[in-house]
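Chain residues, written in single-letter form:
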Amino acid sequence: MHTLHTIAQVRAAVARAREEGKRIGLVPTMGNLHAGHIALVEKALQRTDYVVVSIFVNPLQFGPSEDLDAYPRTLAEDQSKLLDVGAQLVFAPNVGEMYPEGMAGHTRVSVPVVSEGLCGASRPGHFEGVATVVSKLLNIVQPDLAIFGEKDYQQLAVIRKMVLDLCLPVQIMGEPTVRADDGLALSSRNGYLTPAERQVAPLLYQTLQAIAAEVSAGRRDYAQIIEEARGRLTEAGLRPDYLDLRDAHTLQPVSAQAEELVVLAAAFLGRTRLIDNLRFIPAL
């Protein structure tokens, strides 16, 4: 496994792999890898011959009061995990490599509609930063397949729409969220939780399950269901950022035509912002 730090090096390495007839996979990450990331890499290794894992904490997607400086950077540990699983290449650029003329005047990619609301409302500019860096990574690596986790459900929808609208020749695949035994979605930010908070955190997913169960049982007073669920989260010590029920395919408000729904949530627990979602088929 090689670790490269420049765009030119990565392009040269990928070009050699292509000359050998290899199918290229990409798994974009911000590092501090956990079992969820490794599952994405394993899936990429099953479907492609040469897997590039990018590790880049992208400042363009962080707001001014967010955890850019505190975000864990664990390159050596990440390299060890990726070597064990069999990834072929790690791309670990610095900010200067990705934004050589700075970020203020950098071209940005904006994906309307699907990026609005939910995390898009809570984190202004976040998805513009995500779409911009992912478009750069796709252009640098030019993979046949790129894999993302479904925990960041709206992010995955934004990336799919961007790829479709810009006619980018890459297949985007979403992989199910990897969870701890108690249901908590794995996240690099879970390390911020205190032991006491870690005991409370699984309630977020349990709440999504309860909402899905009620809707699947036939309840259609969605606003009341959501309000009751917000109350349960608040009583347990979480501070809901958003909790909403949407069409799983469009992320638009639920309509009678929706064949699959997704309930999405973000909530603060102490200083940690947890996000999660659950897709389900509503009762007829």
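Residue positions are counted from 1 within each chain, in the order its sequence is given. Since the coordinates come from a predicted model, pLDDT governs what is reported: local features require at least 70, and pairs of side-chain atoms require 80 or more to be given and counted, while whole-chain, interface and lining totals use all residues. To get the side-chain values, all heavy atoms of the structure are used, and hydrogens and water are removed first.

**As for the sheet that holds strand 1 (residues 2–4)**
Okay, so step 1: Any two strands with at least two DSSP-identified bridges between them are counted as paired. Numbering goes from the N terminus for both helices and strands, where a helix is a DSSP run of H or I of at least four residues and a strand is a run of E of at least two. The six strands lie next to each other as 1-4-3-2-5-6, forming an open sheet whose pairing is parallel. In the strand order of this sheet, the two ends are held by strand 1 and strand 6 (171–175), each with one partner. Strand after strand, the sheet turns through a mean of 25 degrees between neighbouring axes, direction not considered.
Okay, so step 2: Of the strand pairs in this sheet, strand 5 (residues 145–149) and strand 6 are connected by five bridges, and their pairing is parallel. Opposite Phe148, over in strand 6, you have Gly174 as the bridge partner.
Okay, so step 3: Lying on the sheet, helix 3 (residues 75–85) is in contact with strand 1, strand 3 (50–55) and strand 4 (89–91); it crosses strand 3 at an angle near 165 degrees.
Okay, so step 4: The contact criterion used throughout is that any non-hydrogen atoms of two residues lie within 4.5 Å. Every axis corresponds to a line fitted to the C-alpha atoms, with the helix fit spanning only the stretch in contact, and the corresponding angles, defined between N-to-C directions, vary from 0 to 180 degrees. Packing against the sheet, helix 6 (residues 126–141) makes contact with strand 2 (24–29), strand 3, strand 4 and strand 5, and its axis sits at approximately 150 degrees to strand 2.

**With respect to the sheet that holds strand 7 (residues 239–247)**
Okay, so step 1: Across the sheet, three strands lie side by side as 7-8-9; this open sheet has antiparallel pairing. Single-partner strands in this sheet number two, and they are strand 7 and strand 9 (272–280). The sheet shows a mean angle of 10 degrees between the axes of neighbouring strands, taken without regard to direction.
Okay, so step 2: Bridge analysis of strand 7 against strand 8 (residues 261–269) gives eight bridges, and the strand direction is antiparallel. Residue pairing across strands places Asp247 opposite Leu261, the latter belonging to strand 8.

**Observations regarding the pairing of strand 6**
Okay, so step 1: The buried fraction of strand 6 is high, at four of five residues.
Okay, so step 2: The β-α-β motif built from strand 5, the intervening helix 7 (residues 153–165) and the parallel element strand 6 has right-handed crossover chirality. Relative accessibility decides the category of a residue: with a 1.4 Å probe and only protein chains considered, values under 20% of the type maximum give buried, values over 50% give exposed, and everything between is partly exposed. A clockwise path from the first strand over the helix to the second, with the strands pointing away from the viewer, defines a right-handed crossover.

**Side note on the side chain of Asp276**
Okay, so step 1: Its place among the elements puts Asp276 in strand 9.
Okay, so step 2: The term polar contact refers here to a pair of N or O atoms within 3.5 Å; inside protein, the definition further demands a hydrogen-donor-capable atom paired with an acceptor-capable atom, and it admits residues adjacent in sequence only when both atoms are side-chain atoms. Within the structure, Asp276 has its side chain in polar contact with the side chain of Arg179 (distance 2.8 Å).
Okay, so step 3: Sequence-distant contacts of Asp276, defined by excluding residues within four places in its chain, comprise Arg179, Ala185, Leu204, Tyr205, Leu208, Val263, Leu264 and Ala265.

**Concerning the packing of aromatic side chains**
Okay, so step 1: Ring pairs are drawn from Phe, Tyr and Trp, using the six-membered ring of Trp, whenever the two centres fall within 6.5 Å, and their geometry is named by plane angle: stacked under 30 degrees, edge-to-face over 60, tilted for the rest. Overall, the coordinates contain two aromatic pairs when judged by the stated rule.
Okay, so step 2: Note on Phe56 and Tyr99: the rings are 6.3 Å apart at their centroids and 45 degrees apart in plane angle, and the pair reads as tilted. Taken as a pair, Phe56 in the loop between strand 3 and helix 3 and Tyr99 in the loop between helix 4 (95–98) and helix 5 (119–122) lie far apart in primary sequence, 43 residues in all. Both residues of the pair, Phe56 and Tyr99, belong to the buried class.
Okay, so step 3: With a centroid separation of 6.0 Å and an interplanar angle of 80 degrees, the aromatic rings of Phe62 and Tyr71 are classed as edge-to-face. Each of the two residues, Phe62 as well as Tyr71, counts as buried.
Okay, so step 4: Sitting over a ring, as applied to charges here, requires NZ of Lys or CZ of Arg to be within 6 Å of the ring centre and within 35 degrees of the ring normal. Stacked on the ring of Tyr205, the Lys or Arg Arg179 has its end atom at 3.5 Å from the ring centre.
Okay, so step 5: When the ring centre of Tyr192 is taken as origin, the NZ or CZ atom of Arg271, which lies over that ring, is 4.5 Å away.

**Describing the environment of Thr177**
Okay, so step 1: Here Thr177 lies in the loop between strand 6 and helix 8 (195–200).
Okay, so step 2: The spacing of Thr177 and Asp152 is 25 residues in sequence and 8.8 Å in space, taken between C-alpha atoms.
Okay, so step 3: A polar side-chain atom of Thr177 sits 3.1 Å from the main-chain amide nitrogen of Lys151.

**Observations regarding helix 1 (residues 7–19)**
Okay, so step 1: For helix 1, which comprises 13 residues, the first-to-last C-alpha distance of 18 Å matches the rise-based estimate of 18 Å (1.5 Å per residue) to within 8%.
Okay, so step 2: Burial in helix 1 covers these residues: Ile7, Val10, Ala13, Val14 and Ala17. The arc enclosing the buried residues of helix 1, seen along the axis, measures out at 130 degrees, which places them on a common side. Away from its buried face by more than 90 degrees, helix 1 exposes Ala8 and Glu19.
Okay, so step 3: Backbone geometry just downstream of helix 1 places Gly21 in the positive-phi region, at approximately 80 degrees. What a helix is expected to span follows from its residue count: subtract one and scale by 1.5 Å. Here the arc refers to the directions that run from the helix axis out to each C-beta atom.

**Thoughts on the packing of helix 9 (residues 203–216) against helix 10 (residues 222–235)**
Okay, so step 1: Packing of helix 9 against helix 10 leaves a shortest axis separation of 10 Å and a crossing angle of 155 degrees. Put simply, helix 9 runs roughly antiparallel to helix 10. In the packing of helix 9 onto helix 10, the handedness of the crossing is right-handed. Each of Leu203, Leu204, Thr207, Ala210, Ile211, Glu214 and Val215 in helix 9 lies in contact with helix 10, whose residues at this interface are Tyr222, Ile225, Ile226, Glu228, Ala229, Arg232 and Leu233. Here the angle decides the label: under 35 degrees means roughly parallel, over 145 means roughly antiparallel, 65 to 115 means roughly perpendicular, and every other value means oblique. Crossing handedness follows the turn of the near helix against the far one: under a right angle anticlockwise gives a left-handed crossing, and clockwise gives a right-handed one.

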